[in-house]
Each structure stands twice: as structure tokens, then as C-alpha cells.
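Chain residues, written in single-letter form:
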Amino acid sequence: MPAAAKKTAAPAATSTVNVGDKAPAFSLPADSGEVISLSGLKGKNVVLYFYPKDDTSGCTIEAKDFRDLSAAFGKANTVVLGVSKDSLKSHCKFRDKYELNFNLLSDEEGKACEAYGTWVEKSMYGKKYMGIQRATFLIDAAGKIAKIWPKVSVTGHAAEVLKEAQKLA
């Protein structure tokens with residue numbers, strides 16, 4: 001049955017959501033053991049960042065940067081959530097190894113990735129495959145997309161997201 005679970009989706013559009021749109025709903029298991037949904041975060045700004053894989057170089061740098069700015073995000077009434085298709089077990093190992101202080105959500109079925117347009121066809125060494133395109137969405141307290149960073153470059157990204165979140169506070 002694992003083969004059926006890994007069926008390849010068609011490439012997503014470059015962006016399925018736009019600034020000003022109502023953010024697509026999600027309800028995903030978190031490394032904390034709870035299920036986190038967008039509806040449960042009403043009244044708070046949300047940074048929803050999609051990343052390809054736990055404990056890889058770029059993803060680790062990005063996670064550590066969000067970790068280090070966690071207090072400032074909190075002061076800006078903003079919750080940070082990382083999303084990948086990794087399992088909860090993988091997320092817990094990643095969280096513990098780098099002392100991450102925000103939730104990692106497991107989207108093993110890829111529904112949130114597809115809803116936000118981050119499940120795309122990628123290419124490496126001439127080989128095409130489906131994967132998560134690193135992207136970040138800032139969702140305001142009313143549940144609308146306030147800012148989108150498609151195809152994120154990791155260096156300085158968390159600080160840039162924080163500046164935008166502070167504008168919403």
C-alpha cells in the first residue's frame with residue numbers, strides 16, 4: 001500500500017493563493033502531540049513556512065533562525081509553524097536536536113502543501129521529481145494572507161518575515 005500513498009500529484013500552479021485571499025484551512029498533527037488548525041489560531045498572526053526536509057542544511061538554518069527570533073515573533077502576536085511531509089517521529093528528532101521552540105506540522109498526505117501551492121515539480125541533476133518548494137506565508141489575525149515569500153532564500157529570511165509580522169502587530 002505505500003506505493004498508493006506516494007502517488008505523484010500534478011505540478012501545482014506557481015501560487016494557488018494570493019495576498020489578500022482567505023488562507024486555506026488546515027488541520028495537521030504537530031510534534032507537540034496536538035493537532036493544530038488555522039481556525040484555532042484566530043486572533044493571532046501565523047507564519048506558515050514550508051520546507052523540504054528535516055535536518056538538511058538549508059532547512060536547519062531556516063529553523064534555527066526562526067527559533068532564535070521566537071520571542072520577537074511572540075511579542076508581535078505571531079505563531080511560527082514549520083510544515084513538511086516528514087513524519088512526526090522525524091519532526092521530534094529534528095526539534096530535539098536543535099532545541100526548536102515552535103511547532104513542526106506533519107503534512108504526510110500533502111494536502112496543505114497542495115492547498116498553498118508548495119508541492120511542485122523540481123529538478124536536480126536533470127532528474128525531475130515532486131517536492132516541497134520552500135515558501136513562507138504570513139497570515140494575519142483575521143485569517144487572510146498578508147505576505148507571501150515564494151522560493152525562499154534561507155539567509156536572512158526569518159528576520160525579513162519578523163519585520164512584516166511586526167507591521168501587523
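Just above, that's the structure.
Values in this document were obtained by computation on a predicted structure and should not be read as measured data.

This part is about helix α4 (residues 88–98). By the burial criterion, the buried members of α4 are His-91, Phe-94 and Tyr-98. Axial view of α4: buried residues confined to an arc of 65°, hence all on one face. Residues of α4 that are exposed and point more than 90 degrees away from the buried face comprise Lys-89, Lys-93 and Lys-97. Buried residues along α4 sit against α2 (57–68), β4 (78–84) and β5 (103–106). One or two steps after α4, the chain reaches Glu-99, where phi turns positive at roughly 50°.

The biggest cluster of nonpolar side chains holds 24 residues, and the ones touching the most others in it are Phe-26, Leu-48, Phe-50 and Tyr-116. Broken down by secondary-structure element, the contributors of at least two residues to this core are β3 (45–50), β4, α5 (111–115), β7 (127–132) and β8 (135–139). In this structure, Phe-66, Leu-104, Val-152 and Val-161 belong to the second largest nonpolar core, which totals 20 residues.

Before going further, it helps to spend a moment on the packing of α2 against helix α6 (residues 157–168). Between α2 and α6, the least distance of the axes is 8 Å, while the angle of their chain directions is 40°. Considering their axes alone, α2 and α6 lie oblique with respect to each other. Once α2 is placed against α6, the crossing between them reads as right-handed. Residues Glu-62, Asp-65 and Phe-66 of α2 form the contact with α6, whose own contacting residues are His-157, Ala-158 and Val-161.

Pairing is mixed across the open sheet formed by five strands, whose spatial order is β5-β4-β3-β8-β9. With partners counted over all chains shown, the strands left at the sheet margins are β5 and β9 (145–149), one partner each. Taking the axes of each pair of neighbouring strands and ignoring which way they run, one obtains an average angle of 20° across the sheet. The pairing of β8 with β9 spans four bridges and is classified as antiparallel. In the sheet register, Leu-138 faces β9, and the bridge partner there is Lys-147.

Rules used throughout
- Going along each chain's sequence as written, the residues are numbered from 1 onward.
- pLDDT decides what is reported in this predicted model: residues at 70 or higher carry local features, side-chain atom pairs at 80 or more are listed and counted, and totals for whole chains, interfaces and linings draw on all residues regardless.
- Excluding hydrogens and water, the side-chain figures rest on all heavy atoms present in the structure.
- Each residue is assigned to one of three classes by its accessible area relative to the maximum for its type, calculated with a 1.4 Å probe on protein chains only: buried under 20%, partly exposed between the two thresholds, exposed over 50%.
- Runs of E in the DSSP output that reach at least two residues are strands. Runs of H or I that reach at least four are helices, and both are numbered from the N terminus.
- The arc in question is traced by the directions running from the helix axis to the C-beta atoms.
- What makes two residues a contact is simply this: any of their non-hydrogen atoms within 4.5 Å.
- Nine residue types can take part in a nonpolar core, namely buried Ala, Val, Leu, Ile, Met, Phe, Trp, Tyr and Cys, and a core is a set of them joined through side-chain atoms within 4.5 Å.
- Axis lines are fitted to C-alpha atoms, over the contacting stretch for helices. Their N-to-C directions set the angle, which ranges from 0 to 180 degrees.
- For classification purposes, angles smaller than 35 degrees are called roughly parallel, those larger than 145 roughly antiparallel, those between 65 and 115 roughly perpendicular, and all remaining angles oblique.
- Note on convention: near helix rotated counterclockwise from far helix by under a right angle means a left-handed crossing. Clockwise means right-handed.
- Any two strands with at least two DSSP bridges between them are considered paired.

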